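Summary of the model geometry
Next come the chains, spelled out residue by residue.
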Amino acid sequence: MMKPFMPQLVYFEPKALDYPLGKMLKEKFEKENIEIRLTTSHNQVRDLPGDNHFQKYRVAKSTLVVGVRKTLKFDTSKPSAEYAIPFATGCMGHCHYCYLQTTMGSKPYIRTYVNTDEIFEAAQNYMDERAPEITRFEASCTSDIVGIDHITHTLKKAIEYFGDSKYGNLRFVTKFHHIDHLLDAKHNGRTRFRFSMNADYVIKNFEPGTSPFAKRIEAAGKVAGAGYPLGFIIAPIYLHEGWQEGYKDLFERLEGELSSEAKKDLTFELIQHRFTKPAKRVIEKNYPMTKLELDEEKRRYKWGRYGIGKYIYPKDEEKEMKDVLGGYIEKYFPKAKLEYFT
C-alpha cells in the first residue's frame, strides 16, 4: 500500500512564514520532526545533500520548498484549459518520460506556494476579463498537486473557490489515490477531476513512485460518487509489444470498475509519447537503466513552439494508435467525450 507523500527535508522562504498556510506547515513539520531549513528563494535551493547527481536528484524528489509565488501572470494552457494556475511546481513521482524533468532542470524539488489568496485574486482578474465566457484553469501543468494536497489542502481550497465562482472552472489530473480529503469539498460541479491512466506495462516500467492502477480506479469511483465530473488522460500512449491488448485491458477494467453514475459525464484526453533532445539527455541521466525507447530514428520530428521540436510517432503508427484507442472509447464508453488526441 503506497503511503501519502511526506517530505524528508523542508525549506522555507522567510516570507512564506508571514502567511497562515506557511505558519501552519512549519508547525506541522516540526511536530513530525522533519528537518527544516531556510532558503532565500524557492528558486535558489543550493545545498541539497548527496555526493553525486544521482543521490541529489533522489533527495530533491523528497524535498518540499515552501515559498511565495511572485509571478501571478498565468501561462496560457492549451488544449485542456485557458490558463495554468500555479499552486505547486514539481512532483514526487518518478515517471521516466515526464516533461517536467526538462522544464525543471536543476530544480527537481517540489515547491508549494502559500499566497493562495493572491493567486485566487489573479484568477478572478482573468475570469472578469473573459466574462461571461467560462474560463478554465488547469492546476496540474507543472505538478501533480494531489500528491501534496493532503499536507497543504490548497487544492481543496481552490475547488471550493471555483465552486463559488460564476465564470470559472478548475481542472487537474493526478496519478495518486490520496483523495479522501477532497470528497466533501463543495465543488458545485465546477471542477473536473481527472486521473492519468495507462496500460499496465507503462505503469510498471515507467511510473515508479505513483499509485498503482487499481488504486487510481478505486479513487476515480469515489470521486464520481462525490459528484465531481470525471475524466481520464491516457498518457503517454506508448507503443510496446502487445500494446493493443494492453490498452484494451485498460478500457475493459475501467468499464468494469466504474459505476453507471461515473460514466455519465466522462471525458478522455489522449496524448502520444513524445520527447525532445534535451529531455532525452535528462532522462538518461536521471534514470540510466530505463527501458524507455528514445530512438530518434524510429520517430518523426515535429516543430514545436519556442524552436524546440519533439519526436513523435510516425504518421501510420499515430493513425493506428488514434483508431485503436478511439475505437475502445466508442465501444466501452459510448457516451464519453474524446476531448483531443495529440
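Our subject is the structure that appears above.
The notes below deal with the structure included here. Within each chain, residue numbers correspond to sequence positions counted from 1 in written order. Owing to the predicted nature of the model, reporting of local features is limited to residues with pLDDT of at least 70; listing and counting of side-chain atom pairs is limited to 80 or more, with chain, interface and lining totals taken over all residues. Excluded from the side-chain calculations are hydrogens and water; all other atoms, namely the structure's heavy atoms, are used.

1. Remarks on helix α11 (residues 315-332)
Counting along an α-helix, one turn takes 3.6 residues, and residues three or four places apart therefore face a common direction. Think of it this way: any DSSP run of H or I at least four residues long counts as a helix, any run of E at least two long counts as a strand, and we number them from the N terminus. Here, expected helix span is obtained from the residue count minus one, scaled by 1.5 Å. If you check α11, its first and last C-alpha atoms are 26 Å apart, about what 18 residues at 1.5 Å a residue would give, namely 26 Å. Of the residues making up α11, those classed as buried are E318, M321, V324, L325, G326, Y328, I329 and Y332. To sort residues, take the accessible area from a 1.4 Å probe on protein chains only and compare it with the maximum for the residue type: under 20% means buried, over 50% means exposed, and anything in between is partly exposed.

2. Some words on the packing of helix α8 (residues 213-225) against helix α9 (residues 243-257)
For any two helices packed against each other, one specifies the inter-axial angle together with the distance between the axes. With axes taken as lines fitted to C-alpha atoms, and helix axes fitted only over the stretch in contact, angles between N-to-C directions fall between 0 and 180 degrees. Closest axis-to-axis distance for the α8/α9 pair is 10 Å, and the angle between their directions is 40 degrees. The two elements α8 and α9 meet at a crossing, and its hand is right-handed. Here F213, A214 and I217 of α8 come into contact with α9, specifically with L250, R253, L254 and E257. Each residue is assigned to one class: nonpolar for Ala, Val, Leu, Ile, Met, Phe, Trp, Tyr, Cys and Pro, charged for Asp, Glu, Lys and Arg, and polar for all the others, Gly among them. Per-class residue counts for the contact of α8 with α9 are five nonpolar, no polar and two charged. Note on convention: near helix rotated counterclockwise from far helix by under a right angle means a left-handed crossing. Clockwise means right-handed. It only takes one pair of heavy atoms within 4.5 Å for two residues to be counted as in contact.

3. Quick notes on unusual backbone geometry
Cis geometry marks the peptide bond from A131 to P132; its omega dihedral reads 5 degrees. Cis geometry is found at the peptide bond from A235 to P236, where omega equals -10 degrees. By secondary structure assignment, the location of P236 is in strand β10 (residues 230-237). The phi dihedral of N33 is positive, around 60 degrees, even though this residue is not glycine. Note on placement: N33 falls in the loop between α1 (20-31) and β2 (35-38).

4. Describing the nonpolar core
Residues enter a nonpolar core if they are buried and are Ala, Val, Leu, Ile, Met, Phe, Trp, Tyr or Cys, with the set joined through side-chain atoms within 4.5 Å. Counting residues in hydrophobic clusters, the biggest one holds 93 residues, and the most contacted among them are F232, I234 and Y247. Among residues more than four places away in sequence, those in contact with F232 are R194, F195, M197, A220, L254, L258, L266, T267, F268 and E269. Within the second largest apolar cluster, seven residues are counted, among which are L9, Y11, V45 and Y109.

5. Re the pattern of salt bridges
The rule for a salt bridge is simple: a side-chain nitrogen of Lys or Arg has to be within 4 Å of a carboxyl oxygen of Asp or Glu. The tally for this structure, following the rule as stated, stands at 26 salt bridges. Of the charged contacts, one joins D180 and K222 as a salt bridge, the two residues approaching to 3.0 Å between their closest N and O atoms. Note that D180 is positioned in the loop between β8 (168-174) and β9 (191-197) and K222 in helix α8, a separation of 42 residues in sequence. D323 is the salt-bridge partner of K319, the closest N and O atoms lying 2.6 Å from each other. Separated by four residues within a single helix, K319 and D323 lie in helix α11, roughly one turn from each other. Take D323: its relative accessible area is 44%, and that puts it in the partly exposed class. Taken together, the salt bridges that share partners define one network made up of E138, R171, R194, E269, K337 and E339.

6. A few points about the sheet that holds strand β6 (residues 110-113)
For sheets, the rule is that strands pair by backbone hydrogen bonds, running either parallel or antiparallel. For two strands to pair, DSSP has to find at least two bridges joining them. As summarised here, the arrangement of the five strands in space is β2-β1-β3-β6-β5, forming an open sheet in which the pairing is mixed. Only two strands of the sheet have a single neighbouring strand rather than two, namely β2 and β5 (88-89). By the bridge criterion, two bridges tie β5 to β6 in an arrangement that is antiparallel. Following the sheet pairing, A88 is matched in β6 by T112.

Any link to function would need more than the numbers given here.
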